[in-house]
Amino acid sequence: MADLALRAENVRKVYDRRGAPPTTALQGVSLVVRPGERVALLGRNGAGKTTFLKIAATLLAPTSGSVEVFGVDVDRRPEEVRPLIAVVPQEGKPFFHLTPREQVYTYLLARGFARAEAKRRTDDALAQMALEEVADRLSVTLSGGQRQRTMVATVIATEAPLLFLDEPTIGMDPFARRAVWASLRTLSKKGSTILLTTHYLDEAEALSDRLYIIEHGKVLVDGTAQSLKRDTGGSLRVSIAGGAGLSGSFASFGRTFPEAGALDVITTPERLPELLAVAVRLGLSTTVGPVTLEEAFLRVVGRSIDEDT
Ligand SMILES: Nc1ncnc2c1ncn2[C@@H]1O[C@H](COP(=O)(O)OP(=O)(O)OP(=O)(O)O)[C@@H](O)[C@H]1O
Ligand SMILES: [Mg+2]
């Protein structure tokens, strides 16, 4: 087996449609995913995440560059790659005229599983996604979140070596999201590799071993949630109510950002007592919490936007 589950080198994609100006969606993305890893692609709307996943999943040809899945080139030998992967597409819908049970089961049969094994896996995946109660209703009658759970159940049932999930938990309630996280963790323990996109940064943090932030079709940074947060310059965020205009008084404690009329300061536990003393002296109330991945994301991407303008 190849020593990487996925290797992308300098992938470019220009959408060039007759009658429309060309759009450059990817301008040289290189990344790797090791076997058994869970990796998240993060980035603003239009950054290029879906385009990248489609290319890696053999659904779209790159303009240049290459992607290999377990050492097999996706553009040149897509038919060899497809049995190794399964995909939850962004905004995918289950077949409306099938029930969730029929959808998962027939997909497994189409992928070559024997009936008994397909049935066992179907029951298991429906249970993991808590779909038993609606498993025998036509998908057209399901709620949005139940449909999305059906899409995820269909893909996790395959236990394919490499899973691509494009915003898999969109529209799901907090319980359902956690069920997806648990299933994906179990799958990666069994050896599957997972590449997902999400705009929920708590999800990226809970789920991924490593992440890449894509911005304007390029990898802006990669690392762990931990390393990204560390790069913000501190582990604590102090929010000072009504402090938006007072960054001068707090700048010595770390980076400061106005946020909805308050002033947020990213600082370290060592500097905290002194900072709180200054706030008390100025008669300002404060809230202290950990730096989140969302904050790190806003800072990293925000800095890049500022540099562009
Ligand atoms: N079929 C297409 N034809 C032309 N341009 C496209 C096409 N699909 C995507 N694009 C453009 O390519 C860029 C990247 O889109 P993509 O869907 O990959 O972004 P994304 O990171 O998945 O965004 P989101 O978070 O909104 O899903 C965007 O500028 C988009 O408008
Ligand atoms: Mg997308």
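Residues numbered from 1 in each chain as written. Chains lettered and ligands numbered in written order. Predicted model: local features only at pLDDT ≥ 70, side-chain atom pairs only at ≥ 80, totals over all residues.

### Focus on the overall build of the protein
And then number 1: Across its full length, the protein carries 11 helices and 14 strands.
And then number 2: With the C-alpha coordinates aligned to their principal axes, the bounding extent of the protein is approximately 70 × 45 × 40 Å.
And then number 3: Among the 309 residues that make up the protein, the fraction classed as buried is 41%.
And then number 4: The contacts in the protein between residues at least 6 apart in sequence include a share of 66% that link residues at least 24 apart. (Helix = DSSP H or I, 4+ residues; strand = E, 2+ residues; numbered from the N terminus. Buried ≥ 20, exposed ≤ 12 C-beta atoms within 10 Å, placed from the backbone. Contact = placed C-beta atoms within 7 Å.)

### Quick notes on the packing of helix α5 (residues 144-156) against helix α6 (residues 174-189)
And then number 1: Two elements in contact, α5 and α6, have axes separated by 11 Å at closest approach and are oriented at 5°. Taken as axis vectors, α5 and α6 run roughly parallel relative to one another. Contacts from G145, R149, V152 and I156 in α5 reach A176, V180, S183 and L187 in α6.
And then number 2: In terms of residue class, the contact of α5 with α6 is made up of five nonpolar, two polar and one charged. (Axes fitted to C-alpha atoms, helices over the stretch in contact; angles between N-to-C directions. Parallel < 35°, antiparallel > 145°, perpendicular 65-115°, else oblique. Nonpolar A, V, L, I, M, F, W, Y, C, P; charged D, E, K, R; others polar.)

### Digging into the sheet that holds strand β1 (residues 6-15)
And then number 1: The antiparallel open sheet is built from four strands, whose spatial order is β2-β1-β4-β5. Whereas interior strands pair on both sides, the edge strands pair on one side only; in this sheet they are β2 (23-33) and β5 (72-73).
And then number 2: Along the sheet face, helix α1 (residues 49-56) touches β1, β2 and β4 (64-69) and points at about 120° away from the line of β1. (Pairing = 2+ DSSP bridges.)

### Details of the site of ligand 1
And then number 1: Neighbouring residues of ligand 1: 13 residues in total, closest Y15, A25, N45, T50 and T51.
And then number 2: A per-element tally of the shell around ligand 1 places α1 first, with three residues.
And then number 3: Residues of the shell around ligand 1, tallied by class, amount to three nonpolar, eight polar and two charged. (Near = placed C-beta within 6 Å.)

### Here we look at the nonpolar core
And then number 1: Counting residues in hydrophobic clusters, the biggest one holds 79 residues, and the most contacted among them are L6, A56, V69, A153, V155 and F164.
And then number 2: Taken domain by domain, the makeup of this core includes at least three residues from each of domain 1 (6-223) and domain 2 (233-290). (Core = buried A, V, L, I, M, F, W, Y, C linked by C-beta atoms within 7 Å. Domains from an automatic or database assignment.)

### Some words on the domain arrangement of the protein
And then number 1: When cut into domains, the protein gives domain 1 (6-223) and domain 2 (233-290).
And then number 2: Its C-alpha centre places domain 1 at a distance of 40 Å from the equivalent point of domain 2.

### Regarding the sheet that holds strand β11 (residues 236-240)
And then number 1: Taking strand neighbours across the sheet as the criterion, the four strands line up as β12-β13-β11-β14 in an open arrangement whose pairing is antiparallel. Edge strands, defined here as strands with exactly one partner in the open sheet, are β12 (255-259) and β14 (286-290). Direction aside, neighbouring strands of the sheet carry axes that sit 25° apart on average.
And then number 2: With five bridges joining them, β11 and strand β13 (residues 262-267) adopt antiparallel strand pairing. Counted as the bridge partner of S239 is D264 from β13.

### Here we look at the packing of helix α3 (residues 100-110) against α5
And then number 1: Relative to each other, α3 and α5 sit at 25°, their axes nearing to 9 Å. Here α3 is positioned roughly parallel relative to α5, judged by the angle of their axes. For the crossing formed where α3 meets α5, the hand is right-handed. Only T150, A153 and T154 of α5 make contact with α3, whose side of the interface consists of P100, Q103, V104 and Y107.
And then number 2: Broken down by class, the residue content of the contact of α3 with α5 amounts to four nonpolar, three polar and no charged. (Left-handed = near helix turned anticlockwise from the far one by under 90°.)

### A short note on the environment of R147
And then number 1: Relative to the assigned elements, R147 resides in helix α5.
And then number 2: Residue class for R147 comes out partly exposed when judged on the 19 C-beta atoms lying within 10 Å of it.
And then number 3: R147 sits 23 residues away from D124 along the chain, and the two C-alpha atoms are 17 Å apart.
And then number 4: Those residues in contact with R147 that lie beyond four places of it in its chain are K93, P94, S139 and L142.

### Concerning the environment of G261
And then number 1: Along the chain, the position of G261 falls in the loop between β12 and β13.
And then number 2: Given 10 C-beta atoms within a 10 Å radius, G261 is considered exposed.
And then number 3: Excluding residues within four positions of it along the chain, G261 makes contact with G242 and A244.

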